[in-house]
Every structure is written in C-alpha cells, then in structure tokens.
Amino acid sequence: MSKILVTGGAGFIGSNFVRMLLQGSDHHVVNVDALTYAGNLENLVDCERHERYAFVKADIADAAAMDAVFAARRPDVVVHFAAESHVDRSVLDATAFVRTNVIGTQVLLDKARVFKTQRFVHVSTDEVYGSLGASGYFTEETPIQPNSPYSASKASSDLMVRAAVHTHHMDCVITRCSNNYGPFQFPEKLIPLMIANAMEGKKLPVYGDGKNVRDWIHVVDHCAGIKKAMEQGRAGEVYNFGGDAERENLFVVKEILRLLGKGEDLIHYVKDRPGHDRRYAMDSSKACATLGWRPAHTFEGGLRETVAWYQQNRQWWERVRSGAYQDYYKQQYGAR
Ligand code: NAD
Ligand code: DAU
C-alpha cells in the first residue's frame, strides 16, 4: 500500500485513473487539481467519499502550494497528469501551456526530489514525436519533433524529467500515449464533441479534408498501462502506449453518426487547424514485451460503449456545456 499523489485527477484521464486505483488496489490517493475549465469534480462523484481518497485544490505551478502539499502528504509516488491538453487552445494562446506543462512539471520534480518521493510517473503524449507520413510508427527512439505549442510544451516537460533522472538520479518513468477516448472526456475533443453535437442535431466540424489519422485508445487501456509503468517500469525509461486502431477522422465521425442513427448531412467541413499533424501511429511493443500490457478494447467495441455512455450520461455533458459543473466544487467543499 502506497500514498499516490495524482495531479490533474479531476480531468478526463486522471479521473479514470483515480477510479482504477481506488477500485483495483489498496493505495491511498491524493488528487491535486487546480480545477481549470477542464477539471470537473463531477467526474469523481462515485469516489469522493472513499476512505482512501482526498482532494486538494491547488495549482502545480505554485511552488509554495506544492511545498505545503508534499509536506503534509509525503507521497511515495507522483503520477503526473495535470496539463493544458487541447491543441486548438494552444494555437490561440500558449501562455498557460508553458506555465502548467513546463513550469508546473519542474515544480513537481523539485518537490519530489526534496521530499524524497520514491517514483515520479510523467504522463506524456505521442504528439511529442511530431507527424508521420503514410507509413511507419513512433517508437521510444523516434526523435522528439513537436509541431504545436501544446506538444512543444509537453516535449519540454519530458526533457525536464529526463534531466531530473540524469542530474539528480531521480526515479522517473515517462509514458507516451496516443489519442484517448471514453467516459468523462471534455466535449471539446473530437469524439465527445461529435457525439454531443450529433445528439443535439448540431453540425459536426471536420477540419480540412478529414483524412488526418489518429491511433485511438480506450482510456481504461491507457490507465492500465500507466499503472503497470508505475508498478514495473524501469527508472529513466520511456513507454509508448497505442490502441492499434489507426482511423481517419472522417471514418470516426461517420461511425458515430451511424451508431446514433443520424445522417451524414450533419458533417460540415471547416478550415483546417494551423500546423495540423497528419498521422500518429504508435509502436507499443516495448510496453507489451516488458510490462505485459496490451489494449483490451477494439476501437469498434470501445466506441460503441462510449457513444452509449454519452447517451446514458447526457446530464454530465450538458452541465459541462452550460458551465453548471463549475459550481459543484463550491457546493461540496464550500467557498474556498
Ligand atoms: P484534461 O484537460 O481532461 O485534464 C487536465 C486536468 O489538469 C484538469 O483536471 C485540470 O483542472 C488540471 N490542471 C490543469 N492545469 C493545472 C494546474 N496548473 N495545476 C493543477 N491542475 C491543473 O486532460 P487529459 O486529456 O485527461 O490529459 C491528461 C494528461 O494526459 C495530460 O498530461 C495530457 O498531455 C496527457 N495525454 C492526453 C491524451 C489524450 O488523448 N487526452 C493522450 C496522451 C497523453
Ligand atoms: O495524440 C494524443 C493527443 O490527442 C493528446 O496529447 C492531446 O491532449 C489530445 O487533445 C489529442 O490531441 P488531438 O489534437 O489529436 O485531438 P483532438 O480531439 O483535438 O483532434 C483529433 C483529430 O480530430 C485531429 O486530427 C483534429 C480533428 N478535429 C478535432 C476537433 C476538435 C476535427 O476535425 N474537428 C474538431 O472539431
């Protein structure tokens, strides 16, 4: 049994990871999250009264706040999800991306070193490798060539983690994963945006020619990989996780419409994202061979399950879209 400090646990992947730890281990979990627009404590309603769970509202880039958290909680392990995560927002303004993703990561590394945290798991992304042509896969040896302000900030944070390993001999593991989908994903990302828009009879904005390719992985498979990297990963190593599910965006959008029984006339081609990466595809063979991990979901099965989840949890995403979800913290924890 360990004390695990999870950052960004009120977001999409972090909340799924917190739930996995509480249900599938005896670890104690402290969730540190600033509750930005992407942080939603309604993602964790079923966990908030768990005896091994605690929530702390704090900003990872605030060194004094992190000092207090580490001093009070003395975590054995940090699993670091907190980030600004949406590429389109980074194109509009990269300031928060540099502050949270780069400075925030450095603050956490400093505190983990001072407070002698045993292991630091840094959750990163395939986007640090840049964009692929029609063939080939990203391996852990692929050079880092980020193209968006988001991926540049994530690559910078990966390099700070690498430096902590080499300079301070810290026990850090970096995970890099492809595009996640599943329950509790903020409806600004492709899959939940398209599901919610289609359910409301709104247009589905497809960027460019719709032929960009992403390698889709169910969030539970990603979380299972992070847990394995946390438990069995070797210090200083990078582990790639992908879903073995490369699909063109247009295919994904049409599949969502088919599952919802909606017509393709809702598809609306819009101006392309500036600097839009063409294709991502992960080689996860290292994680399969050394961690005994593999994705359990097929894309078709996982997408069907996910569409059903958004149908059954309409209130969840309607409260996100209306902004009502932001009142939840005040209601549960008082005005702090
Ligand atoms: P998200 O945007 O859904 O959640 C991010 C969380 O971090 C939110 O709860 C937010 O409140 C919190 N946060 C932001 N700034 C903070 C700060 N300064 N201090 C404390 N908390 C802060 O993100 P996600 O999609 O769950 O991604 C989680 C991590 O996984 C990120 O590091 C992201 O780069 C990485 N990742 C995401 C994907 C994906 O497909 N979504 C794929 C690979 C890697
Ligand atoms: O690859 C991992 C990354 O996946 C993570 O590191 C990021 O945090 C996460 O946001 C995601 O980045 P993408 O930019 O790939 O995801 P997004 O859902 O924004 O877009 C997926 C694809 O769909 C991409 O080619 C752009 C396209 N798209 C997206 C939106 C929001 C559209 O065509 N229309 C849209 O409205």
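Conventions we followed
- Residues numbered from 1 in each chain as written.
- Chains lettered and ligands numbered in written order.
- Predicted model: local features only at pLDDT ≥ 70, side-chain atom pairs only at ≥ 80, totals over all residues.
- Heavy atoms only, no water.
- Near = heavy atom within 4 Å.
- Polar contact = N/O pair within 3.5 Å; in protein donor to acceptor, adjacent residues only side chain to side chain.
- Areas by Shrake-Rupley, 256 points an atom, 1.4 Å probe, with all protein chains shown as cover.
- Helix = DSSP H or I, 4+ residues; strand = E, 2+ residues; numbered from the N terminus.
- Nonpolar A, V, L, I, M, F, W, Y, C, P; charged D, E, K, R; others polar.
- Pairing = 2+ DSSP bridges.
- Axes fitted to C-alpha atoms, helices over the stretch in contact; angles between N-to-C directions.
- Contact = heavy atoms within 4.5 Å.
- Salt bridge = Lys/Arg side-chain N within 4 Å of Asp/Glu carboxyl O.
- Buried < 20%, exposed > 50% of the residue type's maximum accessible area, 1.4 Å probe, protein only.

Caption draft 1: Summary view of the site of ligand 1. As a matter of local geometry, ligand 1 sits amid 28 residues, with Ile-13, Asp-33, Ser-85, Tyr-150 and Lys-154 nearest to it. At 2.7 Å from an oxygen atom of ligand 1 is found a side-chain nitrogen or oxygen belonging to Ser-85. At 2.6 Å, a side-chain N or O of Lys-154 approaches an oxygen atom of ligand 1. Protein chains bury 96% of the 840 Å² of accessible surface belonging to ligand 1 in isolation. For the shell around ligand 1, the secondary-structure elements that each account for two or more residues are helix 1 (12-24), strand 5 (119-125), helix 5 (149-168) and strand 7 (179-181). Per-element accounting of the shell around ligand 1 gives the leading share, three residues, to strand 5. Of the residues assigned to the shell around ligand 1, the class counts are 14 nonpolar, eleven polar and three charged.

Caption draft 2: Spatial organisation of the sheet that holds strand 9 (residues 213-218). Strands sit in the order 7-9-11 across an open sheet of three strands; the sheet is mixed. Single-partner strands in this sheet number two, and they are strand 7 and strand 11 (246-248). On average, each strand axis in the sheet is tilted by 50° relative to the strand beside it, whichever way the strands run.

Caption draft 3: Structural detail: the side chain of Ser-151. Within the secondary structure, Ser-151 is located in helix 5. Among the polar contacts made by the side chain of Ser-151, one reaches the main-chain amide nitrogen of Asn-147 at a distance of 3.2 Å. Not counting residues within four places of it along the chain, the set of residues in contact with Ser-151 comprises Glu-127, Val-128 and Pro-146.

Caption draft 4: Structural context of the sheet that holds strand 4 (residues 77-80). Sheet architecture is open: seven strands sit in the order 3-2-1-4-5-6-10, paired in parallel fashion. One side of each edge strand has no neighbouring strand; the edge strands of this open sheet are strand 3 (53-57) and strand 10 (238-241). Between one strand axis and the next, the sheet turns by 20° as a mean value, whatever way the strands run. As paired strands, strand 6 (residues 172-177) and strand 10 are joined by four bridges and run parallel to one another. What sits directly across from Cys-177, in strand 10, is Phe-241. Those strands touched by helix 1 are strand 1 (3-7), strand 2 (28-33), strand 3 and strand 4, and its axis lies near 165° from that of strand 1.

Caption draft 5: The arrangement of the pattern of salt bridges in detail. Taken as a whole, this structure holds 20 salt bridges when the rule is applied. As a salt-bridge pair, Arg-113 and Asp-110 come within 3.6 Å of each other at their nearest N and O atoms. In this pair, Arg-113 and Asp-110 both sit in helix 4 (residues 95-114), three residues apart, roughly one turn of the helix. Classification of Arg-113 by relative accessible area gives partly exposed; the value is 35%. You can call Asp-110 partly exposed: its relative accessible area is 27%.

Caption draft 6: Summary view of the site of ligand 2. Close to ligand 2 lie 24 residues, the nearest being Asp-126, Glu-127, Tyr-150, Arg-273 and His-276. For ligand 2, whose unbound accessible area comes to 690 Å², protein coverage reaches 94%. Of all the secondary structure elements, the ones that give two or more residues to the shell around ligand 2 are helix 6 (190-199) and strand 8 (204-207). Across the shell around ligand 2, the residue classes break down as ten nonpolar, eight polar and six charged.

Any functional reading would require information that these geometric values do not contain.
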